[in-house]
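Here's the letter readout for the chains.
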Amino acid sequence: MSKSVSLLSALLCTFIWGTTFIAQDTGMDDIGPFTFNAVRFFVGFLAILPLALLFETKKFKLEFKTGFRYFVILSFLIGLSLFLGSALQQVALLYTDVANAAFFTIFYVPMVPIIIFIFKRESLHWSVWPSVILCLIGGYLLTNFYDATVRLGDTLVILGALFWSTHIIFTGMIVKTYNLPLTLGAIQTLLVALFSFIIGLIYEEFVIENILNEIDSILYAGILSGGFAFVLQIYAQKNITPAPAAIIFSLEGVFATIAAWFLLSQILDFNNILGCLFILCGVLISQLLPLMRKINYQ
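Residues numbered from 1 in each chain as written. Predicted model: local features only at pLDDT ≥ 70, side-chain atom pairs only at ≥ 80, totals over all residues. Heavy atoms only, no water.

Engineer: Run through the packing of aromatic side chains, naming residues and quoting values.
Structural biologist: Inspection of the entire model under this criterion finds 14 aromatic pairs. Taken together, a centroid distance of 4.9 Å and an interplanar angle of 80° make the contact between Phe 64 and Phe 68 edge-to-face. Ring geometry for Phe 83 against Phe 195: centres 5.3 Å apart, planes inclined by 55°, an arrangement best described as tilted. Within this pair, whereas Phe 83 is found in helix α4 (residues 68–92), its partner Phe 195 is found in helix α9 (residues 181–203), the two being separated by 112 residues in sequence. With relative accessibility at 22%, the residue Phe 195 sits in the partly exposed group. Each residue in the set Phe 60, Phe 64, Phe 68, Tyr 70, Phe 71 and Tyr 178 is aromatic and connected to the rest through ring pairs, giving one cluster. (Phe/Tyr/Trp six-rings, centres within 6.5 Å; stacked < 30°, edge-to-face > 60°. Helix = DSSP H or I, 4+ residues; strand = E, 2+ residues; numbered from the N terminus. Buried < 20%, exposed > 50% of the residue type's maximum accessible area, 1.4 Å probe, protein only.)

Structure follows, in structure tokens:
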């Protein structure tokens, strides 16, 4: 897979994530957050499973020659990280507004390189750090956080950003060894659905009628975001290391703002537009400067 295909996958994935923020918020009018995630990710699992069986079953024997146990461990860690990140984000939307949630969610942008540096001792290109700062400033301007009230739910979003970070890092590790994006996508969505269903049975009620009332939000968030977007993330990280990938994924805030403009008629002010430009500059720096450095070395 070429670098350009990976970049295209990352951008499409980020677009879906950004537009799904609205579905996540409106999809809890009649059901709880764990019920929403359980059904959403199970729908995503059903969407991916036939493709995984069709295109990747014959590859199992070859791929698992490198070690099946390592695949199982990383798959579980990826599924657990996705469950914790999505659950904390979904619950937080009950206690904070979308502006705060969107801003604090992109805290995974600085968390990813910091975690990699501390635990893996990997050197990072210097362009990562100004890109991180630009993305955070852009997120701040984009969400009008300065007009919002800090709520207890914001703590949940920050904690969730930590698990979004580990999800990106573990995904970056597994794609180096295994070329099974559809299988991994099916496994992680099934794990999230199972974990969410268990917690939902304890604290919430599964009422079919109420679930059907939110079917539009569930299908969009399930098939596109919970299913195919996370598979696109896996394809993207085949050629993009975790830190630059996290910077690209921060564009979800830009797409969320544009989606709110079109779908909810929310007006973009000067600060919102400036925030979009900051994030775009951060993404371009993270991609272009390492490329220029590589060309100069050649």
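Picking up after the structure, the text goes on.
Engineer: Before we move on, could you go through a negative patch on the surface and cite the residues and values that matter?
Structural biologist: A contiguous patch of negative charge on the surface is contributed by Asp 25, Asp 29, Asp 30 and Glu 209. Checked against the element boundaries, Asp 25 lands in helix α1 (residues 3–26). Since its relative accessible area comes to 32%, Asp 25 is described here as partly exposed. (Patch = residues over 30% accessible without salt bridge, like charges linked within 9 Å, V, L, I, M, F, W, Y side chains within 5 Å. Areas by Shrake-Rupley, 256 points an atom, 1.4 Å probe, with all protein chains shown as cover. Salt bridge = Lys/Arg side-chain N within 4 Å of Asp/Glu carboxyl O. Lys, Arg positive; Asp, Glu negative; His and termini not counted. Charge placed at Lys NZ, Arg CZ, Asp CG, Glu CD.)

Engineer: Help me get a handle on the side chain of Thr 20, residues and values and all.
Structural biologist: Here Thr 20 lies in helix α1. Judged by its relative accessible area of 0%, Thr 20 falls in the buried class. The contact partners of Thr 20, leaving out residues within four places of it in the chain, are Arg 40, Tyr 220, Ala 221 and Ser 225. (Contact = heavy atoms within 4.5 Å.)

Engineer: Explain empty space enclosed by the protein residue by residue, including any values.
Structural biologist: Per the counting criterion, the structure on display carries two cavities of 30 Å³ or more. Computed from the structure, the largest cavity encloses a volume of approximately 190 Å³. Forming the boundary of the largest cavity are 18 residues, of which Trp 17, Gln 89, Trp 164, Phe 230 and Glu 252 lie nearest the centre. Of all elements in the fold, only α1, α2 (33–56), α4, α8 (153–174) and α11 (215–236) reach the threshold of two or more residues within the lining of the largest cavity. Per-element tally for the lining of the largest cavity: the top contributor is α1, with four residues. (1 Å grid on protein atoms, 1.4 Å probe; cavity = no way out; pocket = protein on both sides within 12 Å on 5 of 7 lines; lining within 4 Å. Points joined across faces, edges and corners; volume = space filled by probe spheres on them.)

Engineer: Provide a residue-level description of the packing of α2 against α4, including the pertinent values.
Structural biologist: At their nearest, the axes of α2 and α4 sit 9 Å apart, and the two run at 135° to each other. Here α2 lies oblique to α4, going by the angle between them. Seen along the crossing, α2 lies across α4 with a hand that is right-handed. For the pair α2 and α4, the contacting residues are Pro 33, Phe 34, Phe 36, Asn 37, Arg 40 and Phe 41 in the first and Leu 82, Phe 83, Ser 86, Ala 87, Gln 90 and Val 91 in the second. (Axes fitted to C-alpha atoms, helices over the stretch in contact; angles between N-to-C directions. Parallel < 35°, antiparallel > 145°, perpendicular 65-115°, else oblique. Left-handed = near helix turned anticlockwise from the far one by under 90°.)

Engineer: Describe in detail the environment of Leu 11, supporting the description with residues and values.
Structural biologist: Structurally, the position occupied by Leu 11 is in helix α1. A relative accessible area of 38% means that Leu 11 is categorised as partly exposed. Along the backbone, Leu 11 and Leu 251 are 240 residues apart, and their C-alpha atoms lie at a distance of 8.0 Å.

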